[in-house]
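Chain by chain, the residues run as shown.
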Amino acid sequence: MGRKPGVRRTSEPAGASPSVVEEVASAPAAPTEEPGPAWPAWARRAATVAIAVHIAAVAGGALGVPPSSLLQRRFADLFTWHHGLFDQGYAYRYYAEPPPTPVVVATLRRADGSDEVVRIPEREVAGPPMRRQRQLALANALFASTRSGHEGHDHGDDDGGDEEPPWLARSYAKYLGRAHPGTSSVTLKVQQHLIPGPDRVLEMKEETGGRFDLFDKSLFTSPRWIGDFPCDGS
Amino acid sequence: MRRFLIDAAAYLSGLASGFARGWSRFFFRPADPTPLGLIRVAVGLLGFWSLFVLGLDLHAYLGSQGWAEAEASYQSLPPYAWSFWFFVPDSLLRAAWLACLGVFALLALGLFSRTTAVLAWVIVVSTVRRAPVAVFGFDQILSTLALYLAATGASGQAVSLDRFLRRYREARLRAAVVRPQGARVVAPAEPGKPRPTTSANLGLRLIQLHLAFIYGMAGLAKLQGPSWWNGMALWGTMAAGEFVAFDFTPLAAWPVVLNAMTHGSLALEIAYPVLIWFAATRPLMIAGAVLLHLGIAVVSPGLTEFGLAMVAANLAFASGTWLRSLAAGREDEQPALRVLFDGACPRCRASMALVTAADPDRVIEPIDLTAVDVASIHPSLRPEDCMRSMHVVSRSGRVSAGFDAVVRVASWLPLFRPLALIGGLPGVASLGRIVYDRIASSRPRDAACTDDVCGIHPPASSSDSAPLSPDRASPPSGGLVRDLSQKR
């Protein structure tokens, strides 16, 4: 694949200083010193088999997620063992269409009747930005785990229906109950933080004199109920 | 028909054998391990940082009763998946976390690289499996890079303490050899430039292929999205309130700019898997990828680590020679420094062994002043001055002595550059000169001083001198290194 490594370099005089472009451009496999011993044939054959299986598994994992054909899914299924063992088989379909951001809102009820609202992701998270990115991932996971159960219902509805909440929502609610002593129950809801269109932003800026609040209430969908979870140790 | 079949068979046979040759050349040709060493450093640092951030909410992520309870999480594991975190009791969680941080630190330093690379991969995968609810793109890339570092075992072949210590031990052994009639050799036999290996090439090739695949998949998937066609996709990320750190809404008035950025990003991802393999376009692709990921990090600081991991992976396409030249200068500019040391002083020899072991290429040329006419190195040098303290002569002819020479040498060696920065501070420099002069004046020597030019004892003849190592035997530029017998 690509030009033969080292071809350019052999024509260079010793001690010459090739340009940065040539240096970067030279194939990385270009030998610079006396190379180490070559691998024996059996090792090359074993490595070839391993590489071929690995490449097929990585490709299968990426192709097998929806939307995909039956053939692609069957092919991906051949490498379930590989994806499990080596944590490969990701789809890498980053931002195919920038989606609204899920936000999880947990209402913690105390025995004295007071409420506390916990938002994931929090608006401000102390520490490095990566910490908030992890919270965004949790909100995404909760949203994804509840989405399938609520398909067929009115998405803007506050009433989520009778489906059993997924284990992740139950687990997260229990965690919140433990992390906030005195909580008698936790209600989880999920909403989406929408992306405003540029036209709307321009209109608002004109109306408000150049300001636009990306956290304006109108940019959030109605919260969708995930479940009520009593904090009684059950 | 028979002719058709014969020709078809010959074509297929040629195709197969050509593919086999190409495959072998692609995967099994030795390569400079420097890029892989740098990727190891990046993976170690990013793994350390990521785990440190997880540690701020350790029990929430990895505790048995965290966000995702251990039991339920274990039940939902995909087939064949595993994680050691399921077996770590809550009481030992902090200790295990600290041990894992230690592994990443060792990996970044390149100490016990083969072992720590495998352990680092185990930690990355275990953490992803234990807390899948907190995983995002960064974890996928880190897991991939860690897998290849672990599988090929080549990440410590360059830019590592493993290699430095091995070369230092070798240099010390060589420096201990008594050569009564010649210069002391204080450099390791193994050159500063690491030897190309097949295992390093395998690691780099797998990273290259995987990276091309990632960009390709990301680009193809975007072709499904209307906003990538109408040129407003990047607006979707820049106006996502949960992601952005700055106000990008003024860009709403500049749709053409948004269009250009959107189409440019997509074009890069589509073109990368193809153009990265051509020498002429490779730098453009790498530069584009770096710009793309830095841009993402500016828009969404939470994705900074993801961008850094992708930039680190792109190092797999960079030339080891070029990367090394960033630290050591170009090959035709070496040696940058000629260091005159007292070959009859064990402490000086050990120091020079340390210096030469840290040399990334041929930056430093150590010269035993007891075996040369120092005036031949630089006309201003006098033997008695050189005996008093270490002298360094740069290519431009600038001479430094004593502590300033130490700082100058350290500034050329990536491993010791932090010390050079500290040593260059005004107060530290003054103190350093005093300490250096005291140590130098009281240093032990193998031979007692007998005359004004202490310790300079020319060999009886050049023919019976102990041989120098091949890389030090001949002066690299101009033949300035001469012993006194040659002078006479």
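Just so it is clear, the structure is predicted and the values come from calculations on it, not from any experiment.

Bringing the pairing of strand 4 (residues 224–230) of chain A into the picture now. All names here are of chain A. Within strand 4, 5 of the 7 residues are buried, which leaves the element mostly enclosed by the surrounding structure. Examined bridge by bridge, strand 3 (residues 183–193) and strand 4 share 6 bridges and lie antiparallel to one another. When the sheet's bridge partners are listed, Lys189 is paired in strand 4 with Trp225.

Residue and element names in this part refer to chain B. Here the second largest pocket defines a volume of roughly 720 Å³. As for the second largest pocket, its lining consists of 32 residues, and the residues nearest its centre are Ser351, Met390, Phe403, Val406 and Tyr436. At the level of secondary structure, the elements contributing two or more residues to the lining of the second largest pocket comprise strand 1 (337–341), helix 16 (346–357), helix 17 (383–388), helix 18 (402–412), helix 19 (417–423) and helix 20 (426–441). With 6 residues, helix 16 is the single largest residue contributor to the lining of the second largest pocket. A class-by-class count of the residues in the lining of the second largest pocket yields 24 nonpolar, 4 polar and 4 charged.

Let's shift gears to the packing of helix 7 (residues 137–152) of chain B against helix 14 (residues 304–314) of chain B. Residue and element names in this part refer to chain B. In contact at an axis separation of 8 Å, helix 7 and helix 14 are set at 30° when each is read in the N-to-C sense. On the basis of their axis angle, the class for helix 7 and helix 14 is roughly parallel. Crossing hand, helix 7 versus helix 14: left-handed. In contact with Gly137, Phe138, Ile141 and Leu145 of helix 7, helix 14 contributes Glu305, Phe306, Ala309, Met310 and Ala313. Tallied by class, the residues present in the contact of helix 7 with helix 14 amount to 7 nonpolar, 1 polar and 1 charged.

Next up on the list: the side chain of Arg338 of chain B. Residues and elements named next belong to chain B. Here Arg338 lies in strand 1. The class for Arg338 is buried, based on a relative accessible area of 8%. Reaching out from Arg338, the side chain makes a polar contact with the side chain of Glu365 at a distance of 2.9 Å.

This paragraph deals with a negative patch on the surface. Residue and element names in this part refer to chain A. The grouping of Asp199, Glu203, Glu206 and Glu207 at the surface amounts to a negative patch. Along the chain, Asp199 falls in helix 8 (residues 198–208). Its relative accessible area of 57% is what places Asp199 among the exposed residues.

The next subject is the interface of chain B and chain A. Listed as interface residues are 108 residues of chain B and, on the opposing side, 89 residues of chain A. Taken together, both faces of the contact between chain B and chain A bury some 8,700 Å²; the carbon and sulfur share is 64%. Measuring nitrogen to oxygen at the nearest pair gives 2.7 Å for the salt bridge that ties Asp139 of chain B to Arg134 of chain A. Where chain B touches chain A, the interface holds 30 residue pairs in polar contact (both at pLDDT 80 or more). Residue contributions to the side of chain B that touches chain A peak at 15 residues, all from helix 9 (residues 198–222) of chain B.

Parameters at a glance
- Residues numbered from 1 in each chain as written.
- Chains lettered and ligands numbered in written order.
- Predicted model: local features only at pLDDT ≥ 70, side-chain atom pairs only at ≥ 80, totals over all residues.
- Heavy atoms only, no water.
- Buried < 20%, exposed > 50% of the residue type's maximum accessible area, 1.4 Å probe, protein only.
- Helix = DSSP H or I, 4+ residues; strand = E, 2+ residues; numbered from the N terminus.
- Pairing = 2+ DSSP bridges.
- 1 Å grid on protein atoms, 1.4 Å probe; cavity = no way out; pocket = protein on both sides within 12 Å on 5 of 7 lines; lining within 4 Å.
- Points joined across faces, edges and corners; volume = space filled by probe spheres on them.
- Nonpolar A, V, L, I, M, F, W, Y, C, P; charged D, E, K, R; others polar.
- Axes fitted to C-alpha atoms, helices over the stretch in contact; angles between N-to-C directions.
- Parallel < 35°, antiparallel > 145°, perpendicular 65-115°, else oblique.
- Left-handed = near helix turned anticlockwise from the far one by under 90°.
- Contact = heavy atoms within 4.5 Å.
- Polar contact = N/O pair within 3.5 Å; in protein donor to acceptor, adjacent residues only side chain to side chain.
- Patch = residues over 30% accessible without salt bridge, like charges linked within 9 Å, V, L, I, M, F, W, Y side chains within 5 Å.
- Areas by Shrake-Rupley, 256 points an atom, 1.4 Å probe, with all protein chains shown as cover.
- Salt bridge = Lys/Arg side-chain N within 4 Å of Asp/Glu carboxyl O.
- Lys, Arg positive; Asp, Glu negative; His and termini not counted.
- Charge placed at Lys NZ, Arg CZ, Asp CG, Glu CD.
- Buried area = accessible area lost by both parts, 1.4 Å probe.

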